[in-house]
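# An overview of the molecular structure
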2 protein chains.
Amino acid sequence: MLDVAKAAHVSVATVSAMINGSAPVSPELRNRIEQAIGLIGYKRNAIARSLKLGTTRTVGLMVADITNPFFTDVVAVIQDVLHRAGYAVMLCCNDEDVALQDEQIALLIDRSVDGLIIAPAGDDETLKRMIASANLPTVLIDRLCDGIDTDAVVLDNRRAVQDATIYMLGLGHRRIGYISGSLDTSTGRERLAGYRAALEAAGLPCEEDLIRIGNFREKDAYTAALQLLTSPERPTAIFSANNLMVIGVMKAIRDIGLHCPDDVSVASFDDFPWADVFQPHLTTIAQPVQAIGEQAAQLVLDRLSGASPEAPRRLVLQGRLVIRDSCRPVGSLAPRAIA
Amino acid sequence: MLDVAKAAHVSVATVSAMINGSAPVSPELRNRIEQAIGLIGYKRNAIARSLKLGTTRTVGLMVADITNPFFTDVVAVIQDVLHRAGYAVMLCCNDEDVALQDEQIALLIDRSVDGLIIAPAGDDETLKRMIASANLPTVLIDRLCDGIDTDAVVLDNRRAVQDATIYMLGLGHRRIGYISGSLDTSTGRERLAGYRAALEAAGLPCEEDLIRIGNFREKDAYTAALQLLTSPERPTAIFSANNLMVIGVMKAIRDIGLHCPDDVSVASFDDFPWADVFQPHLTTIAQPVQAIGEQAAQLVLDRLSGASPEAPRRLVLQGRLVIRDSCRPVGSLAPRAIA
DNA sequence: TTGTACGCGTTATCAC
DNA sequence: GTGATAACGCGTACAA
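Residues numbered from 1 in each chain as written. Chains lettered and ligands numbered in written order. Predicted model: local features only at pLDDT ≥ 70, side-chain atom pairs only at ≥ 80, totals over all residues. Heavy atoms only, no water.

## So, the environment of Asp220(B)
Residue and element names in this part refer to chain B. To keep it simple, the criterion reads: In this description a helix means any DSSP run of H or I spanning at least four residues, a strand means any run of E spanning at least two, and both kinds are numbered starting from the N terminus. The buried label goes to any residue with under 20% of its type's maximum accessible area, the exposed label to any with over 50%, and the partly exposed label to all in between, with areas taken from a 1.4 Å probe on protein chains only.
In this structure, Asp 220 sits in helix 10 (residues 218-230). Note on Asp 220: relative accessible area 31%, which makes it partly exposed. Along the chain, Asp 220 and Gly 181 lie 39 residues apart, while their C-alpha atoms are 9.6 Å from each other.

## Section: the interface of chain B and chain A
Threshold: Whether two residues are in contact is decided by their heavy atoms: any pair within 4.5 Å suffices. Buried area: the accessible area, evaluated with a 1.4 Å probe, that two parts lose upon being put together, summed over both parts. For salt bridges, the criterion is a side-chain nitrogen of Lys or Arg within 4 Å of an Asp or Glu carboxyl oxygen. Side-chain classes follow a simple rule in which Ala, Val, Leu, Ile, Met, Phe, Trp, Tyr, Cys and Pro form the nonpolar group, Asp, Glu, Lys and Arg form the charged group, and the remainder, Gly included, forms the polar group.
At the interface, 48 residues of chain B touch 49 residues of chain A. Between chain B and chain A the total buried area reaches about 4200 Å² when both faces are included, carbon and sulfur atoms providing 64% of it. Ranking the residues of chain B by area buried against chain A places Ile47(B), His83(B) and Phe278(B) at the top, with a combined share of 16%. For the pair chain B and chain A, the interface holds 2 salt bridges. Looking at the side of chain B that touches chain A, the elements that each hand over two or more residues are helix 4 (46-53), helix 5 (69-84), strand 2 (88-93), helix 6 (98-110) and helix 11 (243-255) of chain B. The class makeup of the residues in the side of chain B that touches chain A is 26 nonpolar, 11 polar and 11 charged.

## Examining the protein's contact with DNA strand C
Here is the rule we go by: In this text, near means that some heavy atom of the residue lies within 4 Å of the molecule or strand in question. Distance and chemistry together define a polar contact, namely a pair of N or O atoms within 3.5 Å, with one atom able to donate a hydrogen and the other to accept it when in protein, and with adjacent residues in sequence counting only for side-chain atoms on both sides.
Surrounding DNA strand C, one finds 22 residues, the nearest of these being Met1(A), Tyr42(A), Asn45(A), Arg49(A) and Leu29(B). Counting only atoms of DNA strand C within 4 Å of the protein, the fraction found in sugar and phosphate groups is 66%. Interatomic distance of 2.7 Å between a backbone N/O atom of Asn45(A) and a phosphate oxygen of DNA strand C. Between DNA strand C and Arg49(A) there is a distance of 2.4 Å, counted from a phosphate oxygen to a side-chain nitrogen or oxygen. Among the elements of the structure, helix 2 (12-20) and helix 4 (46-53) of chain A together with helix 2 (12-20) and helix 4 of chain B are those that each provide at least two residues to the surface near DNA strand C. Considering every element that reaches the surface near DNA strand C, the biggest residue donor is helix 4 of chain A, with 4 residues. Per-class residue counts for the surface near DNA strand C are 11 nonpolar, 6 polar and 5 charged.

## So, the protein's contact with DNA strand D
Around DNA strand D, 23 residues are found, and the nearest of them are Thr14(A), Ser26(A), Tyr42(B), Asn45(B) and Arg49(B). When the atoms of DNA strand D within 4 Å of the protein are sorted by group, sugar and phosphate make up 74%. For DNA strand D, a phosphate oxygen lies 2.4 Å from a polar atom in the side chain of Ser26(A). Between DNA strand D and Lys52(A), the relevant distance is 2.9 Å, taken from a base nitrogen to a side-chain nitrogen or oxygen of the residue. Broken down by secondary-structure element, the contributors of at least two residues to the surface near DNA strand D are helix 2 and helix 4 of chain A together with helix 2 and helix 4 of chain B. When residues in the surface near DNA strand D are grouped by element, the largest group, 4 residues, is from helix 4 of chain B. Partitioning the surface near DNA strand D into residue classes produces 11 nonpolar, 7 polar and 5 charged.

## Brief notes about the pairing of strand 5 (residues 151-155) of chain A
Two faces make up the sheet, and in a regular strand the side chains alternate between them. All names here are of chain A. Rules: Here the rule is simple: two strands pair whenever DSSP picks up at least two bridges between them.
Along strand 5, 5 of the 5 residues are buried, which leaves the element largely enclosed by surrounding structure. Residues Asp 151, Val 153 and Leu 155 line one face of strand 5 and the alternating positions Ala 152 and Val 154 line the opposite face, and both faces are buried. Pairing analysis gives 3 bridges linking strand 4 (residues 138-141) to strand 5, with the strands arranged parallel. Residue pairing for strand 5: Leu 140 is matched across the bridge by Ala 152.

## Regarding the sheet that holds strand 8 (residues 237-240) of chain A
All names here are of chain A. Convention followed: Simply put, an axis is a line fit to the C-alpha atoms, just over the touching stretch for a helix, and the angle between two N-to-C directions goes from 0 to 180 degrees.
Taken together, the 6 strands give an open sheet; going across it, the order is 7-6-8-9-10-12, and neighbouring strands pair in mixed fashion. Only two strands of the sheet have a single partner each, and these edge strands are strand 7 (211-213) and strand 12 (320-322). Across the sheet, the mean angle from the axis of one strand to that of its neighbour is 15 degrees, orientation sign disregarded. With 3 bridges joining them, strand 6 (residues 176-180) and strand 7 adopt parallel strand pairing. Note on strand 7: the bridge partner recorded for Tyr 178 is Ile 211. Of the strands in this sheet, strand 6, strand 7 and strand 8 are in contact with helix 10 (residues 218-230), which crosses strand 6 at around 160 degrees.

## Section: unusual backbone geometry
A cis amide bond links Cys260(A) to the next residue, Pro261(A), at an omega of 5 degrees. Note on placement: Pro261(A) falls in the loop between helix 11 (243-255) and strand 9 (265-269). With a phi close to 55 degrees, His9(B) is a non-glycine residue in the positive phi region. Relative to the elements of secondary structure, His9(B) occurs in the loop between helix 1 (2-7) and helix 2.

Listed below in structure tokens is the structure:
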């Protein structure tokens, strides 16, 4: 910029004023400066600008696992919206690991991001402290943490699972296995609560043996499902608390020589784009990923522009039960593909 | 840092020397400084550091579509490796759109990333010029661009598709539909070349009518497959040049009232984690995503540390044909799920 | 071993 | 309308 100023025989202040339109500049100088810029190939330095302005126009985005199609979709939407608003996004994954999560958040804050959008793996003290002391516009997505009072957009998990459970109950299932996510997350807890609520409302006891923790990972869910399916009184249906785990559940069913939905009904949280193309067509709870991403991005953007009220805003969206054919009325037997 | 220096009754130089270990500091001062840091809650400012050092410890990562499981996996690996090395990653998607791509790359370069990992949507002049003038460590993944002579890690696309086609040919298929990606990409061209090569080697003519462009998107592929399947002489098999498009193909097959593999065989580029759980079990070409991600990340890291030779390094990995049961010998008819 | 002073590229505030 | 100059926070010669 100094070079440009010299070449155009003006001061750096004038160049800056012109580039940012922060002060009126005479057409003549404006012209000279433009020429000089073209000649030198000058581009303003965002780092120096950040140092001076105290803003990086970058927001940090941390999710549990980018490999999870749900998060993938949400990340895509957020990236898109933020890009339109001129923001870059720094992406991190915590792999459902609290220690790694702390590390990533520290990295993000260290890089001076202007805002944070995170799907926390858990709510340890370090995280709370870092977020509080960073004092950045922050929005929680998917999962809540008590002790972190920021904007958030989440699903009505409880209600969604309750609906799904009621649906399975309505099909006559009485022993419904439940593969849960980590109870360190609000989603893990809320979804399980929905399952319990449905059973209770139906006046049914909740057998603790039917509940297994899968920690949202395929592998854990595989093991859990295997236990469930080999137990003396095998459940007639299984609900998986997310999309990764249902793959594990299906693998377990296959490996044990059973078939869905003939031998065991299956339903799951999170929808798949291919769910109605491949067999069995999975019955799922579809999340409004587009809306989640858009709202989350808008929430940070609002705070960034100072257009938000003081109080944290919490958006609760509704899931949608998509009934396909991985659940059968209990006792019914349909023709099978291969005997 | 000035505050810390004051509180510890030393100079900023000493504080800096201690923090960076760039010069020996006496244990006593070291102690005083540490105390002061804890007291003030000092954290060194990465922006100022970047301005001074000319490095941001951030690399830009651009892929066509984060929603594509292939890219998702690669991104996850890259993010992981780079994080371990202390680098943050800025993520962008070009949505297979050249204009958007230029915008994103400009954004990344403007943010002064230290390196670039990109899966280009196409090779327009602007992109070439930007990359050349940015003069950054750059590695191309998945797709090559002539005119961009940088490090790269790609697949032997031609050979992989050739193998798959030979396999289908071996099953007796003579009319194999081919749903191609954009021919503006090297993958689009190379994969198609593999198909052609296989036909030619078998002494078969290549009917241009059997080749349709799907641009790597599900929707386009759906339309293309529909055309193929309703044509007077319907192909007995279809190959899809990527994972997104095969979903479109399967939807077309379903919507037209046909079944795979009974009525039409299907194979596709890119594997799915659930491919051997849901029916039909898709025959695919699996890419070594882990290796691709690791190598790509290592390539930038090497350049960043100056440990690379001058000449660009090009890594070509091999795909693996995973035969499942979405392809049948032509003419054979197996029992069907529902009559 | 420690302290001083300067430069990195911008922008904002003031004089003119 | 324009120009000089002081920050922003850090690293680092160079001198002590």
